[in-house]
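Analysis of the macromolecular model
Here is what each chain is made of, one letter per residue.
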Amino acid sequence: MPSSSQKNVSTVLVRNGTGNSCETQQILFLNQCRKVFIQRDYSQGLDVRFETDFPSRLTEMISREVWENTIHRINKIFEEAESINATTIFETILGCFSCYCSRLVTKSLYEKKLIELKEFLRRENEEIYHRAGLHIMNPMERGLRVIEISLLNTIEEPLNRNDGNSLAVNNIQGPAGSIRTM
Amino acid sequence: MDASKWKLLPQNEVDARSEDIEEDDEETDFQCAMVETQTTIPQEQPIKPKKVRKWTVHPGRNRFCCQGKLVCSKKHGAFLLTVFIMSTTMTLFFVFDAPFLWSKNPSIPIIAALLSIFVIANFIVTSFTDPGILPRAGNFEIIEMDKQLAATQPEQVANRPRTKEIEINGEKMRVKYCTSCRMFRPPRASHCAVCDNCVLMFDHHCPWVGNCIGLRNYAYFYRFVVSLSILIVYLFTSSIVHICLSANGRPFMEVVRDYPMSVVVAVVCFFSIWSLIGLTFFHSYLLFTNQTTNEDLKGTFRKKNRNAENLVKNPFSRGYLKNMCHRMFKSTFPSVLDADGFVNDNITVIVPKTFEKQTGQDSNIQQLDPTFA
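As the structure is a computational prediction, the values presented were derived from the model and not from experiment.

Let us look at the overall build of chain B. Looking only at helices and strands, one finds 12 helices and 11 strands in chain B. Put simply, chain B has 373 residues, and 30% of those count as buried. Here the contacts in chain B between residues at least 6 apart in sequence split such that 65% fall between residues at least 24 apart.

So this is what it looks like as structure tokens:
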């Protein structure tokens with residue numbers, strides 16, 4: 001649990017680089033950003049698929065084409081991971097005959113696709129979204145329920161313990177899941 | 001508040017007080033304010049996350065082994081009974097029946113051994129695989145969702161909808177809000193009362209394997225049930241064959257006295273055959289019609305309920321063969337619980353400072369970093 005002093009540090013500047021090149025970087029706490037949630041799209045069944053509508057809060061930050069390119073690519077990765085082809089059938093049969101020992105040494109198609117997704121999101125974030133003030137979180141962090149997009153330039157004023165929100169602060173600082181009802 | 005009073009305190013006492021405050025959140029505002037004056041040292045290092053594995057803070061009633069790689073339910077009475085019955089029956093067969101059958105035809109016990117290994121492997125994998133537990137929504141996500149709801153539909157904040165209607169392949173289905181996990185359950189997911197978790201594509205909680213059966217371990221479970229019924233039929237006939245061939249026309253009671261263990265194997269198999277074959281046919285039916293035990297028990301897609309308001313025909317079914325393939329031959333869904341991963345509540349990103357800040361943070365930054373020009 002971070003102490004109260006750490007809580008109040010929302011942005012810290014880090015001097016990066018040597019000599020004359022003095023580039024500044026920021027460390028941002030995503031918990032303090034406002035979020036846009038992209039929900040799962042169940043209209044075609046239970047396979048992992050996210051809504052492709054352009055969220056209205058992103059209109060002034062990135063263009064529709066960029067967003068659609070990203071979300072369609074994410075959906076495509078999951079579609080490939082959930083497909084049935086010779087690889088997955090071979091994987092299953094090999095698993096059966098080796099008493100699932102093959103799982104210990106080989107990576108399944110889904111695991112490979114998740115690595116691809118992670119790499120894709122990292123690249124997209126670095127090249128496009130961070131510049132636009134956005135950060136796309138890996139949906140695996142939220143149990144593949146939602147894609148969480150943080151709006152980096154909406155960092156809220158750090159919550160002060162002395163104001164009326166002290167109850168909310170206590171709730172936030174609790175370890176995840178310790179509070180069952182709100 | 002009078003700060004001068006505090007400055008007179010010896011340093012060690014102030015430290016002791018600040019430690020108290022870190023441990024106990026219910027200190028008075030006065031003391032909290034004083035601690036902040038103590039700790040306005042600029043922190044240039046990112047907070048190092050403590051390495052805590054996710055299973056240690058998991059709120060459900062689960063047991064974890066091997067740093068969270070193995071997941072099962074906390075209740076394991078029936079599981080131990082299954083292990084006991086399975087192991088004794090197999091041991092008795094291989095000790096008392098197999099040598100006789102080997103002398104007749106070595107392939108008979110070899111097939112039994114291979115089948116047994118397959119059964120045990122599927123049993124272990126079913127029992128210790130994460131069935132598809134959905135991790136609960138974090139506090140920050142809930143607070144953010146509340147804020148968005150308050151901004152868009154303020155009238156719903158106090159009395160939030162408990163169900164949501166969604167459309168799947170043209171059929172309307174209702175998804176419920178789970179108050180324990182604090183999220184709308186995905187379709188076909190259900191909250192297991194035994195393990196206190198939402199499980200994706202929840203089939204049932206199986207006490208005999210000591211785990212929920214869900215999206216991730218249904219295929220293993222189905223293979224386990226099918227192979228176990230084949231094995232039991234096989235053991236039953238083998239032990240009967242052993243008894244009959246050894247009888248040689250002697251009276252029945254005499255044979256029983258000579259081969260008591262073969263009789264035990266035959267009796268155990270005889271009594272478990274019926275329930276297991278029934279279970280095999282039931283799950284084959286579910287597999288080919290793409291239903292779960294949970295939906296079958298509730299009658300979600302039952303024909304006579306179809307005209308009722310919120311009950312529909314199964315929107316997930318795509319034809320018998322495709323249903324079977326989709327549940328048996330898909331690449332295993334990843335464990336979204338990620339029990340052996342590390343907790344990371346305070347996710348940070350490092351970005352180049354290129355975008356404009358909306359709020360007046362600059363003064364804050366200058367205060368924290370004195371070298372900032």
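And the narrative resumes.
Scanning chain A from terminus to terminus reveals 6 helices and 5 strands. Listing each helix as α and each strand as β along chain A from the N terminus yields α-β-β-β-α-α-α-α-β-β-α. Across the 182 residues of chain A, 26% fall into the buried class. For chain A, restricting intrachain contacts to residue pairs at least 6 apart in sequence, the fraction spanning at least 24 positions comes to 46%.

Our next topic: the nonpolar core. Grouped together as the largest cluster of nonpolar side chains are 59 residues, with contacts concentrated most on Leu134(B), Ala189(B), Val199(B), Phe221(B), Phe224(B) and Leu235(B). By residue number, the principal contributor to this core is helix H7 (residues 218-247) of chain B, which donates 11 residues. If you count residues domain by domain, this core takes at least three from each of domain 2 (54-133 + 198-328) and domain 3 (139-149 + 156-192) of chain B. Ignoring any residue separated from it by four or fewer positions in sequence, one finds Leu235(B) in contact with Thr89(B), Phe93(B), Ala112(B), Val265(B) and Cys269(B). Core analysis: the next-biggest nonpolar cluster, separate from the first, contains 14 residues, Leu28(A), Phe29(A), Val146(A) and Leu152(A) among them.

On to the packing of H7(B) against helix H9 (residues 260-289) of chain B. All names here are of chain B. Running from N to C, H7 and H9 cross one another at 150°; their axes reach a closest spacing of 8 Å. With respect to each other, H7 and H9 are oriented roughly antiparallel. As H7 runs across H9, the sense of the crossing is left-handed. Residues of the contact of H7 with H9, tallied by class, amount to 20 nonpolar, 7 polar and no charged.

For the rest of this paragraph, the subject is the sheet that holds strand S3 (residues 133-134) of chain B. In any sheet, the strands associate via hydrogen bonds between backbone groups, in a parallel or an antiparallel arrangement. All names here are of chain B. As summarised here, the arrangement of the 3 strands in space is S3-S8-S7, forming an open sheet in which the pairing is antiparallel. Whereas interior strands pair on both sides, the edge strands pair on one side only; in this sheet they are S3 and strand S7 (190-192). Where S3 lies against strand S8 (residues 197-199), 2 bridges are found, and the strand directions are antiparallel. Across the sheet, Ile133 pairs through a bridge with Val199, a residue of S8.

In this numbering, the UniProt entry assigns the feature "domain: Palmitoyltransferase DHHC" (unreviewed entry) to residues 173-298 of chain B. Split by type, residues 173-298 of chain B is 58% helix and 16% strand. Its first and last C-alpha atoms lie 14 Å apart.

All names here are of chain A. Burial analysis of strand S5 (residues 146-151) places 5 of its 6 residues in the buried class, the great majority of the element. Pairing analysis gives 6 bridges linking strand S3 (residues 34-39) to S5, with the strands arranged antiparallel. Each residue of the ladder has a partner; that of Ile38, found in S5, is Ile147. Pairing geometry for strand S4 (residues 134-136) and S5, over 3 bridges, is antiparallel. If you follow Ile136 over to S5, its bridge partner there is Ile149.

Before going further, it helps to spend a moment on helix H4 (residues 77-104) of chain B. Residue and element names in this part refer to chain B. The end-to-end C-alpha distance of H4 is 40 Å, a good match for the 40 Å that 28 residues give at a rise of 1.5 Å each. The largest bend in H4 is about 50°, located at Ala98, with the proline Pro99 one to four residues further on. Taken together, the buried positions of H4 are Met86, Thr89, Phe93, Asp97 and Leu101.

Residue and element names in this part refer to chain A. Spatially, 3 strands are ordered S3-S5-S4 in an open sheet, and the strand pairing comes out antiparallel. Strands at the two margins of the open sheet, each flanked by one partner only, are S3 and S4. Across the sheet, the mean angle from the axis of one strand to that of its neighbour is 20°, orientation sign disregarded.

Here the focus is the UniProt feature "transmembrane region" (unreviewed entry) in chain B. All names here are of chain B. Mapped onto this structure's residue numbering, the UniProt feature "transmembrane region" (unreviewed entry) falls at residues 77-96, 108-128, 220-243 and 263-288. With 100% helix and 0% strand, the stretch residues 77-96 has end C-alpha atoms that lie 28 Å from each other. Measuring from the first to the last C-alpha atom of residues 263-288 gives 37 Å, for a span that is 100% helix and 0% strand.

With that settled, consider the confidence of the model for chain A. All names here are of chain A. Within chain A, residue pLDDT values average 77, and 72% of them lie at 70 or more. Overall, residues 1-22 carries pLDDT values under 50, and its contacts beyond four positions in sequence, including any with other chains, amount to 48 contacts. Here residues 159-182 is modelled with pLDDT under 50, and outside its nearest four sequence neighbours on either side it reaches 30 contacts, counting other chains as well.

The feature "domain: Golgin subfamily A member 7/ERF4" (unreviewed entry), as annotated in UniProt, sits at residues 36-148 of chain A in this numbering. A distance of 6 Å separates the end C-alpha atoms of residues 36-148 of chain A, which is 50% helix and 9% strand.

This brings us to the confidence of the model for chain B. Any residue range with low pLDDT should be treated as having predicted coordinates unsuitable for detailed reading. Residue and element names in this part refer to chain B. Confidence in the prediction for chain B averages 82 pLDDT; 79% of positions are at 70 or higher. Across chain B, the secondary-structure element scoring lowest on mean pLDDT is helix H12 (residues 362-368), at 39, and the one scoring highest is helix H5 (residues 107-128), at 96. Every residue in residues 1-41 is under pLDDT 50, and counting partners more than four places away or in other chains gives 27 contacts. Taken as a whole, residues 355-373 scores under 50 in pLDDT and shows 26 contacts with residues more than four places along the chain or in a different chain.

Reading guide: rules and limits
- Residues numbered from 1 in each chain as written.
- Chains lettered and ligands numbered in written order.
- Predicted model: local features only at pLDDT ≥ 70, side-chain atom pairs only at ≥ 80, totals over all residues.
- Helix = DSSP H or I, 4+ residues; strand = E, 2+ residues; numbered from the N terminus.
- Buried ≥ 20, exposed ≤ 12 C-beta atoms within 10 Å, placed from the backbone.
- Contact = placed C-beta atoms within 7 Å.
- Core = buried A, V, L, I, M, F, W, Y, C linked by C-beta atoms within 7 Å.
- Domains from an automatic or database assignment.
- Axes fitted to C-alpha atoms, helices over the stretch in contact; angles between N-to-C directions.
- Parallel < 35°, antiparallel > 145°, perpendicular 65-115°, else oblique.
- Left-handed = near helix turned anticlockwise from the far one by under 90°.
- Nonpolar A, V, L, I, M, F, W, Y, C, P; charged D, E, K, R; others polar.
- Pairing = 2+ DSSP bridges.
- UniProt positions renumbered as here; feature names shortened; annotations may be inferred.
- Expected span 1.5 Å × (residues − 1).
- Bend = angle between axes of the 7 residues up to and from the residue.
- pLDDT = per-residue confidence, 0-100.

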